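Chains, contacts and geometry: an overview
One-letter residues, chain by chain:
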Number of protein chains: 2
Amino acid sequence: MNDTRNQIITLADDFIRTRGFNAFSYADIAAIMDLQKPAIHYYFPSKADLGISVIDKELETITRNRDLHHNLPGDEQLKELVQTFFASSRSRKICLTGSLTPEYTTLPQRLQDKVQEMCRSILDWMAACLEKGRAEGRFVFQGTPQDRALLVMSGLLSSLLLSRVLGEDIFDRMIGQLLQDINANFSHQYKK
Amino acid sequence: MNDTRNQIITLADDFIRTRGFNAFSYADIAAIMDLQKPAIHYYFPSKADLGISVIDKELETITRNRDLHHNLPGDEQLKELVQTFFASSRSRKICLTGSLTPEYTTLPQRLQDKVQEMCRSILDWMAACLEKGRAEGRFVFQGTPQDRALLVMSGLLSSLLLSRVLGEDIFDRMIGQLLQDINANFSHQYKK
DNA sequence: TTTTTTACCTACTAGTAAGTAAGTAACTTC
DNA sequence: GAAGTTACTTACTTACTAGTAGGTAAAAAA
């Protein structure tokens, strides 16, 4: 429908994942799209609006994937997620959570609220996924699915941060350990 | 010895942990210290120099603590580390790794190299600590200490990021799970 | 006592940031 | 065919960024 608008969101998403929210400008996006800066302000009056739209798009993607895979076993749902993180690692991009939470205190209030919503949403989905997998006998772990979800999210998030600094094999090593801890014995098949 | 210089480093460290490297300026530091901006440039010609000095100070602290506690059992060494992270969480500051790795691609080359050095140094220390603890029968985990260190670092780093967004109890829940995974049964005594 | 160094200062440059005012060409609706 | 709307444009403002040039008062070294 609105191509320009979507393209702006896509570019902003990319910048947030590669540089961070405070390290890209409307001018950066305008230059790539061969537009003038105020054209970006036409679609997103303030940078907070743009940030919120980027997260909203991510939330839609999460919901879509959740619906799409809701009949799969918990471990296979998680496998799908790990695959998207693997792709992210290969393109040296970090996740929105890894990018936006460190800058949290510098973000406009409305964007802070969105970041919080996104974190909760991701954790809820992971917890549901872990709970399902455990009930199916495909995961073994101690404690609540909610608490375990925190560690899974932590591992995925950090694997992207650290692999960009220390090399790509860091991703494999971390995910291997992470999955081992929940007794998911598909340690190194997530790429397929 | 050089009070002004040290105070600049301390303030910069604080800003990096609360806002991020790209979200504070020499003017911010000058204002707090009641100095003019060029006085900061006198001590640290470029912002990269300042960033490097902040990390160097951190590396010294790590080395000092490592030497200080080297005769303690592995689990107690880790306990000391968890305590410093707990203090950090309480003051809503994240760790240097959590702050600098997301901004990695935007940092000057020299600073990128320092960040890499810092990550390796922390991981080395954690791996040594985990290996010692395992040999002492105080830790139980699968895989290499190096790989396990990645997950421990990941959990500590993320606990600060997420607790700032989702509330302080996130820290307790994450550390509890983290320590459970290496069978360290002092789950909730780390505060004492 | 002269010289040098330390630790700053004022005043500035060049560049970039988000955001705005006002205009316009093309398309849509009435 | 007139009026309104969409999707932009040029030109601008205000505020901040890292960094520099050149000066200075006081302390330390010669």
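Residues numbered from 1 in each chain as written. Chains lettered and ligands numbered in written order. Predicted model: local features only at pLDDT ≥ 70, side-chain atom pairs only at ≥ 80, totals over all residues.

**Thoughts on the overall build of chain A**
Along the backbone of chain A there are nine helices and zero strands. Put simply, chain A runs from its N terminus to its C terminus through helices and strands in the order α-α-α-α-α-α-α-α-α. Taking 2.2 N^0.38 as the reference for a compact globule, 192 residues should give roughly 16 Å; the C-alpha atoms of chain A span a radius of gyration of 18 Å, in line with that estimate. When the backbone C-alpha atoms are referred to their principal axes, chain A occupies close to 55 × 35 × 30 Å. Here chain A, with 192 residues, has 43% of them falling under the buried criterion. Taking as baseline every contact in chain A between residues at least 6 positions apart, the subset at least 24 positions apart corresponds to 66%. (Helix = DSSP H or I, 4+ residues; strand = E, 2+ residues; numbered from the N terminus. Rg over C-alpha atoms; globule rule 2.2 N^0.38 Å. Buried ≥ 20, exposed ≤ 12 C-beta atoms within 10 Å, placed from the backbone. Contact = placed C-beta atoms within 7 Å.)

**Side note on the protein's contact with DNA strand D**
In the neighbourhood of DNA strand D, 16 residues make up the surrounding shell, with Thr4, Gln36 and Ala39 of chain A together with Ser25 and Ser46 of chain B lying closest. Counting residues per element, the ones that place at least two in the surface near DNA strand D are α3 (37-43) of chain A together with α2 (26-33) and α3 (37-43) of chain B. Partitioning the surface near DNA strand D into residue classes produces eight nonpolar, six polar and two charged. (Near = placed C-beta within 6 Å. Nonpolar A, V, L, I, M, F, W, Y, C, P; charged D, E, K, R; others polar.)

**With respect to the relation of the copies chain B and chain A**
Least-squares fitting of chain B to chain A yields an RMSD of 0.0 Å, with the transformation described by 0.0 Å of translation along the axis and a rotation of 180°. When the rotation and shift are considered jointly, the pair of chain copies conforms to a two-fold rotation axis. In terms of C-alpha distance to the rotation axis, chain B has Ser154 of chain B as its closest residue, with the C-alpha 3.1 Å off the axis. Here 98% of the interface residues in chain B have copies in chain A that are interface residues too; the copies meet face to matching face. (Least-squares fit on C-alpha atoms with pLDDT ≥ 70 in both.)

**Observations regarding the packing of helix α4 (residues 47-68) of chain B against helix α7 (residues 109-135) of chain B**
All names here are of chain B. Interaxial distance between α4 and α7 falls to 9 Å at its minimum, and their mutual angle equals 15°. When the axis of α4 is compared with that of α7, the two are roughly parallel. In this structure, α4 crosses over α7, and the sense of that crossing is left-handed. Taking contact as the criterion, the partners of Ala48, Gly51, Ile52, Ile55, Glu58, Leu59, Ile62 and Arg66 in α4 are, on α7, Arg110, Leu111, Lys114, Val115, Met118, Ser121, Ile122 and Trp125. A breakdown of the residues in the contact of α4 with α7 according to their chemical character gives 10 nonpolar, two polar and four charged. (Axes fitted to C-alpha atoms, helices over the stretch in contact; angles between N-to-C directions. Parallel < 35°, antiparallel > 145°, perpendicular 65-115°, else oblique. Left-handed = near helix turned anticlockwise from the far one by under 90°.)

**Here we look at the protein's contact with DNA strand C**
Taken together, the neighbourhood of DNA strand C is formed by 16 residues, with Ser25 and Ser46 of chain A together with Thr4, Gln36 and Ala39 of chain B sitting nearest. Elements with a contribution of two residues or more to the surface near DNA strand C: α2 (26-33) and α3 of chain A together with α3 of chain B. Broken down by class, the residue content of the surface near DNA strand C amounts to eight nonpolar, six polar and two charged.

**Quick word on helix α7 (residues 109-135) of chain A**
Residue and element names in this part refer to chain A. With 27 residues, α7 ought to run about 39 Å at 1.5 Å a step, and its terminal C-alpha atoms sit 39 Å apart, in line with that. Within α7, burial applies to Leu111, Lys114, Val115, Met118, Cys119, Ile122, Leu123, Met126, Cys129, Leu130 and Gly133. In the segment just after α7, Gly137 is the residue with positive phi, at about 75°. (Expected span 1.5 Å × (residues − 1).)

**A short note on unusual backbone geometry**
Residues and elements named next belong to chain A. Phi at Asp34 takes a positive value of approximately 60°, unusual for a residue other than glycine. Position of Asp34 relative to the elements: it lies in the loop between α2 and α3. At Arg92, a residue that is not glycine, the phi angle is positive and equals roughly 55°. Within the fold, Arg92 resides in the loop between α5 (74-90) and α6 (96-100).

**A closer look at the nonpolar core**
In this structure, Met153 of chain A together with Met153 of chain B are the most contacted members of the largest nonpolar core, which totals 102 residues. Beyond its immediate stretch of four places on either side in the chain, Met153 of chain B contacts Ile122, Leu123 and Met126 of chain B. (Core = buried A, V, L, I, M, F, W, Y, C linked by C-beta atoms within 7 Å.)

**Considering the interface of chain B and chain A**
Between chain B and chain A, the contact holds 40 residues from the first and 39 residues from the second. Within the residue set of the side of chain B that touches chain A, elements represented by two or more residues are α6 (96-100), α7, α8 (145-166) and α9 (169-181) of chain B. Considering every element that reaches the side of chain B that touches chain A, the biggest residue donor is α8 of chain B, with 13 residues. Residue composition of the side of chain B that touches chain A, grouped by class: 16 nonpolar, 17 polar and seven charged.

Read these as layout, nothing more, since geometry by itself doesn't imply function.
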